[in-house]
Structures are given as structure tokens and as C-alpha cells.
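Survey of secondary and tertiary structure
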Amino acid sequence: MGILKLFDVDKELLRWMDNMRFRFGSAQVIQQVRDKWAEENLFNLFLYPFLFDLDDKMFLLITEVHNRMAQRYLAAHGRQAELVQGQRMANIDAYSEQQVRTDVSPEWPLISSSLVDVMRASNPYLVMSVRRSSLVQDVMDTLLGDRAGMTRVRFPLKVRFVEGGEDGVDMGGVQKEMYSLVMPQLLAPERGLFVYADDHNNGYLWPNAASSHSLADFEAVGALLGMAFTNGILIDSTTAPLAPLLVSQLAFSHRPLNTTKMPLDALMAYVATSFPELTAGLQLLLDWDESTQGSVEDVFCRAFEVSATGVGTVPLIPNGENIGVTGANRQHYVRRYLEYIGYEHVQAQISAVRRGFMQAADGIVFRTLRPRDLVKWLCNNEYDTIDVDELEQSATYDDEYTEDHVVVKRFWRVVRGMSQNQLRQLLAFVTASDRLPFGGFNCITFVVQRNGPDSDRLPTALTCFGRLLLPAYSTDEKMQQQLAIAISNYSGFGLV
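Here's a quick rundown of the structure. Remember, it's a predicted structure, so these values are computed and weren't measured experimentally.

Another point: the environment of V311. Along the chain, V311 turns up in the loop between β5 (305–308) and β6 (312–315). Overall, the relative accessible area of 43% leaves V311 in the partly exposed class. Spatially, the C-alpha atom of V311 lies 7.2 Å from that of A210, the residues being 101 residues apart in sequence. Ignoring anything within four residues of it in the chain, the contact list for V311 reads Y340 and H345.

Rendered as C-alpha cells:
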């Protein structure tokens, strides 16, 4: 954790949260915090975010989220207690409400008639009840429907699959499963929200300017990404292959670039992260040698205009459709082309995604992230190497198993013989994610629990709780065979 080892992270974070309340709180809160800070050293880590690397920030995010969850939980229970007390004082109960004549309107709101609102106010979570058969619809309905999900996107997330007999309790695994399923479906070009950034239907996804969807739908996509961030759910480029140029604009520190002052090669490199084929073609135009290959105007036959999906042909400069691209003005043409495609074309959709993301993710740690930090988090297609020794050190045991048990030792011998791909399958089987969580092995839940004597049953998992239910296999060969079958074939959540 680098420099964080030298500090009491919880204390520093809480002090900084007080500082945020000092800046934006009521007069009474301001005075309380001012008095408190007057007695303490005013130095705080969060004044110097450049001290933290990305791993530090992810660790701090976990700490901040836990503090926020605790506050939400206590506040929800406080509201519930107030409602119950208020009901008792007003002598409102189910029996007395039934006695109220239908032709008489009571002078007080009846709690039972607003049961849904009462339950929502006292619930410390955003609960998504979804069906696998209509996953995207259910998720979007939760956020944009009459359940006011967008007002609760900063609450801790809980997910329930409500069909097919899945009764898993979401302790982190169920929400990871939902994200791994819903994001590819939601972002698929055939759904209409996004299109591929290049012309070969692969690579990164970019907002669709011609989409029939409202900007509220793009905002919901941003909120889903922000909820993943604040709930510590890793999303990689295979689950949500969003263009880095889009992701970098989600950062709090992002400011509209003054592209007119950027060197052309820097602007080209920036846009190339998301549009490699486009920029390769434009670079060819810039590198064209008119002395040996012919004039730019005759060979390329281009005007100062661009054909963009959903808007047709757009002039890049006034009267651009009548101005040809030549060797003398090609740099101006390339600059305007990059500015339009990378920033101007879908700015409304990008702004909507950013609004949703900020609504869900905004917080102390989020504001320390640079654009490249978010790109590394969301556009990373590299897997961390799974170190079996570290995984074993982080594991715990239950139901007769201990680290010295013969079956447990057999299990780790077999695991050490697995390839990295098999280790990722094992991790996904137990935790619902084939990647390490934020914070690495220190933040993983991996419990090996006895599940009966030696038998031909396959291992199972309580993915919701990060538990591997392992029969006491009698040989290494049987352990290896049964594990290989189990980790290669699994889906769904259940309680055994």
C-alpha cells in the first residue's frame, strides 16, 4: 500500500469527510468541524492525491465505501425507528385504519397506505430484483421506472435473481454475476445505444449519435458503471469494451480539452486509443509525399466535411463541403476531423453517461482519480497473475477443515498444478469473478468448507459467500478430476 502504511487511513479519511462537511454543511456543522480542526493538525493526505498510486486509491475506495455503507445503514434504521414511533404516537395500526369510514378522509397520512414508500425510506440498500430472461429490461426499469432507482444509486447494491429457484443471498457474488451478464447485453450494438468505433464490428464501443434511445438511457448506463465502481465490482474490456476516450471523460478531474492548442501529434495519439483505424488513415494523409506519389487533392479527393452516423455529411468548417483538402491545408483538415469525431459528434451522449456516472460514483476517492486511472480500471484487458501461495494465505476454512487437514493439503497441491486459465476459472467458480477484487488478495473471501465424506459428487460453491463446498476426496487424481469438471461448468446461484 505504499505511503498508506505510515498513516491511520480510517482516521485520515474520516477527518477529510468532516472537511467536506465543513465546506458544504450547515452553519452548525461548520462550527462543530471548525472547533474540532482547531484542536488538531490540519495536514491531511487527501490534500496531496498525487502521493497515491492506483492500488492505494482502490484501497481507500473500499474504506470510504464501508464508511458510507455504515452511515446509510444507521440512517435507514433511524428513519424506520422514527416511523414506528410516529405510528405508535398517532395510534395508527392496521385495525384502527380498517375502522375509518370510506367516506371520511383522515387528517393524517396512514402509514400502511404508503407501505412501499416507508419500506424504501428505511432500506439502506438499492435492491435490484431481476430475471435472467429479461435482465436488461429489469435493470433499466429499476433505475428509470417508478421505483426511483436513480435516486439511490449511491446506496450499497444488492441483487436478487427472482426466477429459476435461485435463492442466493447477495454478499458480492450475485452482483458480480449480474454485471457480467447485463453489461455485454446492454452495450451490444444491436441494442442501439453504442456502435463499434471502427468499421469492422470489433474493438471498442462508442456512443451512437443516431440512437433512438433517450439521453436518460445513456445516463442509466453511466449510473451502472458508477455503481460498479463504488461497490468494488471489477469491469474489464471483455465485459464493457468502452472506448478509452469515453472513459477518460468520466473522471471528475476531466476538463474539456482546448484541442486547438494541442500539438497535432498529441491529439492524434489521444484519439488513436479509441479509433486506431481512423487515425491510421489520417496519418497516411499527413505522411503523403506529393513529390513522388501525386498531389493530395488528386489522390484523396476529399473536402472539409465528414460523414457521421446519424447526422449524415457535416462540414468541418464553414462552407467546408466546397473546400478541397490539399497538401497545404491537410493538417487543418486532420485536426478538425479528430476534434469532431473524438469530441463534438456525440457530446450529448457522453455528457449523459458522465452525469449518471458522477451521480453514482462521486466521492472523496473518486475525486482523486485521474482520467488515466479510470481508463486503467475500466479498459484493462490484462489479468493479474494469480499467486497460489497468496491465495492460500488469504483462504479460511470451515466445518472440520483446517489448513493442516489432509484434504486441504491435497486441494492446494492440485491447485498448484493448475494453469493460470484454470486458476481464473476456480476464482470465478468460488467468487463469481475471474479477477482479483480491489485491494488484491487482502480483500478476497475464499472459504474452503467440508461437504461430506469422499464421494462422486462434484464440488459446489456458495458464490454469494465465497465458499467452496469440497467433499473429502481420497486421492489427488480424484480431486483434480472433480474440480476440473466443476470449474468448467457452472452458472446460477443457490443455497445448499
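A separate point is the packing of helix α8 (residues 215–230) against helix α15 (residues 347–361). With their axes 6 Å apart at the nearest point, α8 and α15 run at an angle of 40° to one another. Two packed elements cross with a definite hand, and for α8 against α15 that hand is right-handed. Only A348, Q349, A352, V353, R355, G356, F357, Q359, A360 and A361 of α15 make contact with α8, whose side of the interface consists of L215, F218, E219, G222, A223, L225, G226, M227, F229 and T230. A breakdown of the residues in the contact of α8 with α15 according to their chemical character gives 12 nonpolar, six polar and two charged.

On to the packing of aromatic side chains, then. For the structure on display, the rule yields 10 aromatic pairs. Considering the side-chain rings of W206 and F275, the 5.1 Å spacing of their centres and the 75° angle between planes classify their relative orientation as edge-to-face. Placement of the pair is W206 in strand β4 (residues 205–207) and F275 in the loop between α10 (264–272) and α11 (276–287), with a sequence separation of 69 residues. According to the relative accessible area criterion, W206 is buried, its value standing at 4%. In this structure F275 comes out as buried when scored by relative accessible area, which is 6%. One aromatic cluster is present, formed by F229, F357 and F366 through successive ring pairs. We note R132 situated over the ring of F161; from NZ or CZ to the ring centre the distance is 4.2 Å. Positioned above the aromatic ring of F155 is the side chain of R152, whose terminal nitrogen or guanidinium carbon lies 4.2 Å from the ring centre.

Analysis parameters
- Residues numbered from 1 in each chain as written.
- Predicted model: local features only at pLDDT ≥ 70, side-chain atom pairs only at ≥ 80, totals over all residues.
- Heavy atoms only, no water.
- Helix = DSSP H or I, 4+ residues; strand = E, 2+ residues; numbered from the N terminus.
- Buried < 20%, exposed > 50% of the residue type's maximum accessible area, 1.4 Å probe, protein only.
- Contact = heavy atoms within 4.5 Å.
- Axes fitted to C-alpha atoms, helices over the stretch in contact; angles between N-to-C directions.
- Left-handed = near helix turned anticlockwise from the far one by under 90°.
- Nonpolar A, V, L, I, M, F, W, Y, C, P; charged D, E, K, R; others polar.
- Phe/Tyr/Trp six-rings, centres within 6.5 Å; stacked < 30°, edge-to-face > 60°.
- Lys NZ or Arg CZ within 6 Å of the ring centre and 35° of its normal.

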